[in-house]
Amino acid sequence: METDFDPIEMEMLQLATAARLLRTAQRIACLTGAGISAESGIATFRDTQTGLWANFDPMQLASQAGFSADPGVVWRWYMDRLQRVQQAQPNPGHRALADLEARVHRFTLITQNVDDLHERAGSRSVLHLHGRIDRFHCNRCGFDHALTMQERSAPRPPQCLACGDSVRPSVVWFGESLPGRILDHAWRAAERCDVMLVVGTSGVVYPAAQLPLLARQLGAHLIEVNPERTALSDMADAYLQGPAGVVLPDLLEAI
Ligand code: OAD
C-alpha cells in the first residue's frame, strides 16, 4: 500500500535530522556560496534570471585575459558590484551562521563569496576562498592598494604606487589559483569536521566544490540548504529546501 507522502512532514523530518546532527556535532564546517547573499539583493552567478553570468561572459570579465584586453570595462564592472555589496545588508541567513559560530566550540566558516556580509553579520572568522571584492592589489607586483573615493568612480583602474602597473580587485579570476594558506585551512576543516553544512552553492566550481565531498568521504554528515536541488542533495543526510534567510533561522531555532 502506497504510504502517503506528506511534504510538510518530510520537511519537518529533514529539519529535525539537521538540528540533531548540528546539536551533537563536535566540529562543524560550513561552506557558503552566492545563494546566501541572494536575499541581500546580490545577484548569484548561475541563476538564469538574475545571475551575473546570465548577462556577461565571465571569461571576459573575471580573467587576466579580460582585464588585459579591456581594463576599463572590467574595472567598472567590479566597481559596480562593489557598490551593490556595500549598499547591501546582511540577511537573517548570515546572522544565523554568526549565531551558530557563537554557540559551537569548533566552527569553521568557508565562503566562495567575495562580499563581506558574513563579517558584517558578526561572523568572526571567515575563510574567503575566492578573495574579497573590497580589497585591491597590483596586478603585476602584488603591492596592496588602498582605494580612494576618486579611484572608485574612475573609468579605468588606478596605477600601482610601487610599480605603476594596473591595480585590480583581490578576487580569484578564472584560471588563477586560490590563496594557498586559506585553501589549506578549509581543506583541514573539511577533513576534521563531523558535520558539513552547505548553503547556497551550485557546487560546480572546484576546488571549493570538493570540500563537501571530502568531508562526506571521511565520514562527516552533510546538510544542504538550497531552494534548488544540486548534485549534493541526494547524498545529504538532510536537504533543507528553501531560501537560506528562512531555513537557517528555523534550523537554529530547532537546535
Ligand atoms: P551559483 O550562482 O553557481 O549558485 C548559487 C546557488 O544558490 C544555486 O544553487 C541557487 O539555487 C542557490 N540559491 C539561490 N537563492 C538562494 C537562497 N535565497 N538561499 C539559498 N540558496 C540560494 O553561485 P556559487 O555556487 O556561489 O567563483 O558559485 C561558485 C563560484 O562560481 C563563485 O564563487 C564564482 C563563480 O565562478 C569565482 O568568481 C572564482
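1. Observations regarding the sheet that holds strand β7 (residues 221-225)
Taken together, the six strands give an open sheet; going across it, the order is β3-β2-β1-β6-β7-β8, and neighbouring strands pair in parallel fashion. Because the sheet does not close on itself, it has two edges, and the strands there are β3 (126-128) and β8 (238-240). On average, adjacent strands in this sheet sit at an angle of 15° to one another, irrespective of strand direction. When strand β6 (residues 195-199) meets β7, the two strands line up parallel, connected through five bridges. Within β7, the position partnered with M196 by the bridge is L222. Lying on the sheet, helix α1 (residues 7-24) is in contact with β1 (27-32), β6, β7 and β8; it crosses β8 at an angle near 120°.

2. Notes on the pairing of β7
Taking burial as the measure, the five residues of β7 include four buried ones, the bulk of the element. As paired strands, β7 and β8 are joined by three bridges and run parallel to one another. The residue of β8 that forms the bridge with V225 is L240.

3. Some details on helix α10 (residues 180-192)
Compared with the 18 Å implied by 1.5 Å per residue over 13 residues, the 18 Å span of α10 between its first and last C-alpha is a close match. When we look at burial in α10, the residues that qualify are L183, A186, A189 and A190. One side of α10 carries all its buried residues, which in axial view fall inside an arc of 125°. Pointing more than 90 degrees away from the buried face of α10 are the exposed residues R181 and R192. Buried residues along α10 sit in contact with β1, β2 (106-111), β3, β6 and α11 (210-217).

4. Describing the domain arrangement of the chain
We note that the domain assignment places domain 1 (1-41 + 89-130 + 178-255) and domain 2 (43-87 + 131-171) within the chain. Placing a centre on the C-alpha atoms of domain 1 and another on those of domain 2 gives a separation of 28 Å. With 17 residues of domain 1 in contact, the opposing surface of domain 2 contributes 14 residues. Together domain 1 and domain 2 conceal approximately 1,100 Å² of surface at their shared face, both sides included; 53% is due to carbon and sulfur atoms. For domain 1, the biggest contributors to the area lost against domain 2 are A34, V114 and D116; these three give 38% of the whole.

Criteria and thresholds
- Residues numbered from 1 in each chain as written.
- Predicted model: local features only at pLDDT ≥ 70, side-chain atom pairs only at ≥ 80, totals over all residues.
- Heavy atoms only, no water.
- Pairing = 2+ DSSP bridges.
- Helix = DSSP H or I, 4+ residues; strand = E, 2+ residues; numbered from the N terminus.
- Axes fitted to C-alpha atoms, helices over the stretch in contact; angles between N-to-C directions.
- Contact = heavy atoms within 4.5 Å.
- Buried < 20%, exposed > 50% of the residue type's maximum accessible area, 1.4 Å probe, protein only.
- Expected span 1.5 Å × (residues − 1).
- Arc of directions from axis to C-beta.
- Domains from an automatic or database assignment.
- Buried area = accessible area lost by both parts, 1.4 Å probe.

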